[in-house]
Amino acid sequence: MSADEPFDLSVLERVADPYPVLAELRSTGPVRRTTDGFWAVTGHAEALDALRHPGCASSPIALRFLDGLPEGAARDEMVHRINFLDPPDHPRVRSLLSTAFTPRRVTALRPWVEATAQDLAAGLARRGGPVDLVAEFAHQVPSLVISELLDVPVGERDRLTEFSDRTAPLLGLRTSPAQRTAAVAAAEEFHAYLGDLLDARAAAPGDDLLSALLAAEAEGDRLTRPELLSLAATLYSAGHRTTRDLFANGVSVLLDDPDRWQRVVDGRWTVPDVVGEFLRFETPTLYVVRVPLEPMVLGGAEVGPWEPLVVLLGAANRDPAVYDAPDEFRPGRAGPPPLSFAFGAHYCLGASLARSEAEAMLGALVAELPGLHEPGPSAAPRPWRQRGAFRGLDHLLVTA
Ligand code: HEM
């Protein structure tokens, strides 16, 4: 790859392991043109600069997804989606969400999360035999946690996961017209369901996050109905998919080398350090996009207004300028915190919940299934998938 040759971002969706490609790209410069008119940011310092730059906006990203969307739930959702907002809407919605989704609420949930992870892991241990860790554990815990947080009846959570899966193509970059039509219809069903839930909570408020969002108020300001619906849908989807990927991607890295798993089991590596390294080493959200509204110089590149930046968090997390031997899995390593939850105004609001869930899951798995391993060398390559920005495993077969 030469420094002048534009980089084809779609390569990332076609390779099982994007990290050698990202390392090669970074070696030719921290900010590089892509074939579709974006700039790919791979350096850690440059990614930080882009994410905290006041001239870099998020709302123009929604325009791409809004194009051709009919009036209705799908369009409303894109217009009000918190991570596509800029000032003045963004700080207003974010601060109202923060009054409901507090660190205290996350801390209070921790014992419940730990007990849930423990029960599920103990169930897997009792059953024995090969199990798909993605479907039977990595998905279950975050999905139960977000349902508990929003107080969605447990029997309904598969329906909500299905809504969230069916609406996901709305954020796809290569969505066919048929997929889009289906996703638009699914968004109507999703919002109708969430609307009923909000009405029920308005009539009989509880101790849950939806009731708190309905009540959230700052200086006489409140969340509007479309904002509430969009937040509820975003929280449900954001709340479980990336956490599942963080955990399953990370466990697959541990199982690549039996000594790694053993180090967690015998306590040479602590669970929080291991989860911290999961975040850096196998970044679940590989990139975020920002659009500069004014010309800027980033990593020596002259970026024009409206030329979108694809900030490759996964590449920044392996930048040798800030991490010693970045391709080695080393829990407790020195270096800045990884950028997996982004940085600045849109820093992930679920970061501490996601960490606490992944720690509870890993702690439970190590306690209940200390002999965890993959059932023999598999002829099939691991089923990695990169859908849009999200990188994860479809399955991970393990034996207790
Ligand atoms: C490992 C798990 C997770 C990862 C890797 C992750 C990653 C991210 C990233 C990269 C962003 C920034 C998006 C951008 O700048 O465009 C973000 C934003 C956000 N995340 Fe997460 N997330 C995770 C878990 C969660 C959970 C569990 C929740 C909630 C229950 C959550 C809620 C949010 C919200 C509401 C935002 C938007 C914040 C804003 O725009 O101000 N996330 N997340």
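Scroll up to find the structure this text is about.
The notes below deal with the structure included here. Quantities reported herein were computed from a predicted structural model and do not represent experimental measurements. (Residues numbered from 1 in each chain as written. Predicted model: local features only at pLDDT ≥ 70, side-chain atom pairs only at ≥ 80, totals over all residues.)

### Some details on the environment of Thr-167
At step 1: Tracing the backbone shows Thr-167 in helix H10 (residues 157–167).
At step 2: Classification of Thr-167 as buried rests on a count of 24 C-beta atoms within 10 Å.
At step 3: The residues touching Thr-167, leaving out its near neighbours within four places in the chain, are Ala-183, Ala-186, Ala-187 and Phe-190. (Helix = DSSP H or I, 4+ residues; strand = E, 2+ residues; numbered from the N terminus. Buried ≥ 20, exposed ≤ 12 C-beta atoms within 10 Å, placed from the backbone. Contact = placed C-beta atoms within 7 Å.)

### Section: the site of the ligand
At step 1: Contacts to the ligand come from 24 residues, most closely from Gly-239, Thr-242, His-346, Cys-348 and Gly-350.
At step 2: Elements supplying a minimum of two residues to the shell around the ligand: helix H13 (225–255) and helix H17 (351–368).
At step 3: Considering each element in turn, the shell around the ligand owes the most residues, seven residues, to H13.
At step 4: Residues of the shell around the ligand, tallied by class, amount to 13 nonpolar, ten polar and one charged. (Near = placed C-beta within 6 Å. Nonpolar A, V, L, I, M, F, W, Y, C, P; charged D, E, K, R; others polar.)

### Thoughts on the packing of helix H11 (residues 177–203) against H13
At step 1: Interhelical geometry of H11 versus H13 gives an angle of 110 degrees and a closest axis separation of 10 Å. Between H11 and H13, the angle is such that the two are roughly perpendicular. Taking contact as the criterion, the partners of Phe-190, His-191, Leu-194, Gly-195 and Leu-198 in H11 are, on H13, Leu-228, Leu-229, Ala-232 and Ala-233. (Axes fitted to C-alpha atoms, helices over the stretch in contact; angles between N-to-C directions. Parallel < 35°, antiparallel > 145°, perpendicular 65-115°, else oblique.)

### So, unusual backbone geometry
At step 1: In the segment running from Pro-87 into Pro-88, the intervening peptide bond is cis, with an omega of 5 degrees.
At step 2: Mapping Pro-88 onto the fold places it in the loop between helix H5 (73–80) and helix H6 (89–100).
At step 3: You will see that Ala-325, though not glycine, has its phi angle at about 40 degrees, which is positive.
At step 4: Mapped onto the elements, Ala-325 comes out in the loop between helix H16 (313–316) and H17.
At step 5: Although it is not a glycine, Ala-342 adopts a positive phi angle of roughly 65 degrees.
At step 6: Counting through the fold element by element, Ala-342 comes out in the loop between H16 and H17.
At step 7: Overall, Ala-342 belongs to the partly exposed group, with 19 C-beta atoms counted inside 10 Å.

### As for helix H7 (residues 103–127)
The periodicity of an α-helix, 3.6 residues per turn, causes residues three or four positions apart to be oriented the same way.
At step 1: Taking 1.5 Å of rise per residue, the 25 residues of H7 would be expected to cover 36 Å, and the 36 Å separating its terminal C-alpha atoms lies within 8% of that figure.
At step 2: Where H7 bends most, at Arg-110, the angle is about 40 degrees, and the proline Pro-111 comes one to four residues later.
At step 3: Of the positions making up H7, those classed as buried are Val-106, Val-113, Thr-116, Ala-117, Ala-121 and Leu-124.
At step 4: Turning to H7, the residues buried within the fold contact strand E4 (131–132), helix H8 (133–138), helix H9 (140–150) and H17.
At step 5: Directly after H7, the chain includes Gly-128, whose backbone phi takes a positive value near 65 degrees. (Expected span 1.5 Å × (residues − 1). Bend = angle between axes of the 7 residues up to and from the residue.)

### Observations regarding the sheet that holds strand E2 (residues 39–41)
At step 1: In space, the five strands of this open sheet follow the order E1-E2-E10-E7-E3, with mixed pairing throughout. Each edge of the open sheet is held by one strand with a lone partner, namely strand E1 (31–33) and strand E3 (56–57).
At step 2: With three bridges joining them, E2 and strand E10 (residues 309–312) adopt parallel strand pairing. Of the residues in E10, the one forming a bridge with Trp-39 is Leu-309. (Pairing = 2+ DSSP bridges.)

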